[in-house]
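Reading the structure
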Amino acid sequence: MSESSAETVADIVASAASASAAGAAGSWRRATGLAGAALGVLAAGAAVGVAVERMTVGREVRRKARLALDAAGPYGTLRGTPGTAYADDGTELYYEVDEAEPDQGPDVSPRRRRLFGRKAPAPVTVVFCHGYCLSQDSWHFQRAALRGVVRSVYWDQRSHGRSGRGVAQTRDRVPVTIDQLGRDLKAVLDAAVPDGPVVLVGHSMGGMTVMALAAQYPELIRDRVVATAFVGSSSGRLGEVNFGLPVAGVNAVRRILPGVLRALGRQAELVEKGRRATADLFAGIIKRYSFAGREVDPAVERFAERMIESTPIDVVAEFYPAFTDHDKTEALARFRDLPVLVLAGVRDLVTPSEHSEAIAGLLPDAELVLVPDAGHLVMLEHPEVVTDRLADLLTRAGAVPAGATVSGYGTTSSTGSAPGR
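Overview of the structure. (Residues numbered from 1 in each chain as written. Predicted model: local features only at pLDDT ≥ 70, side-chain atom pairs only at ≥ 80, totals over all residues. Heavy atoms only, no water.)

Attention now goes to the pairing of strand β1 (residues 81-86). Both β1 and strand β2 (residues 92-98) contribute to a ladder of 6 bridges, which runs antiparallel. By the bridge assignment, Gly83 is partnered in β2 with Tyr95. Linking two consecutive strands that pair antiparallel, namely β1 and β2, is a turn of 5 residues; a positive phi of about 95 degrees is found at Gly90 within it. (Pairing = 2+ DSSP bridges. Helix = DSSP H or I, 4+ residues; strand = E, 2+ residues; numbered from the N terminus.)

Here's what the structure looks like:
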């Protein structure tokens, strides 16, 4: 894509954002103007046709379509036994536990026997850590496959999902750090998995959280962790990511985005109104940076959009600077003697697959899986691949027997075909 095309898209998006606020109060116009500027920069990598289409199709039609998609799928509806952990600054961290079902003898479900080949799971707890601007529900398909088979914990990072706003951030104005997220994970483990073997699974920021845990609590990794999975994650150098933009576009992002986000965060209430007014433009950008394929179920796309939309703009602003400072390369050595899965989408624009290759390069015995035609939310775009490789990891960790498979479960293709085939 040429720089001139990128600039055209940026102009279109910024103009649309400004137009959406026409007739509102001046403060609202200023807030949405800032949002339009940020959108204009990020949308530089999207196709011009997408932006034009979203400007010309009737807004009311699109609103009704979103409502229909919200009601169409069960995504994000799985719930477990709730619990609360408390971070070292007092932040409430919400988690849910899916317990393994007891041995039911000959009446054990055929699906569980087919997927994992046993009646009772090994006493291992799998802890899932989600990414930036998401929630525990982002693991929907993996949760559906593992439900009742192995004990699993799903938690919401501070200021995300059902967890409380970061106390240190709201009370003391302390910047969020990846190290803090590692300590948060330790608090969740203390509350939800006080003993026994653990498998840690992290997507994007969740993988960074696992690395931060290892850096600060190496004895926990040594004594209790039996396997780890890093999905679309990075151990550092995120400041070099170009987000699929041309040189001029990425330089603009690096120069102005932190300041724009800080400004938006200071006017959160007004900006959220403007954000809703420009929902169609946000949808195009979210799709661009979440998925790579063209056949993702629209209800899944909308599910991802809804999770990201639910993250307040001031939380987006709070967390963004932490990624530039993130460097946990040395902590990866803590996982050297464990079964490790490193998986990424080849077309991930947020944490490019080269970052996963770098992680695997430092863990020579790790399994590296690069999924073609997959973007950042690979666990939603190609759930069968992710769930199958996780099942294999659990097998290597001794949580399930050899020969386990999850083949054929969890497609999100709008045509119903199995992804990756």
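Let's pick the thread back up.
We now examine the pairing of strand β7 (residues 340-345). Consecutive residues of a regular strand have side chains that alternate between opposite faces of the sheet. Of all 6 residues making up β7, 6 are buried, and the element is well covered by its neighbours. Burial along β7 is two-sided: Val340, Val342 and Ala344 and Leu341, Leu343 and Gly345, pointing in opposite directions, are all buried. Alignment of strand β6 (residues 225-231) against β7, held across 4 bridges, turns out to be parallel. Within the sheet, the bridge partner assigned to Ala229 lies in β7 and is Leu341. Inspection of the sheet shows β7 paired to strand β8 (residues 367-371) by 5 bridges, in the parallel sense. Following the sheet pairing, Ala344 is matched in β8 by Leu370. (Buried < 20%, exposed > 50% of the residue type's maximum accessible area, 1.4 Å probe, protein only.)

Together, Val346, Leu368 and Leu370 line one region of the surface with nonpolar side chains, adding up to about 210 Å² of accessible area. Structurally, Leu370 can be placed in strand β8. Since its relative accessible area comes to 32%, Leu370 is described here as partly exposed. (Patch = residues over 30% accessible without salt bridge, like charges linked within 9 Å, V, L, I, M, F, W, Y side chains within 5 Å. Areas by Shrake-Rupley, 256 points an atom, 1.4 Å probe, with all protein chains shown as cover. Salt bridge = Lys/Arg side-chain N within 4 Å of Asp/Glu carboxyl O.)

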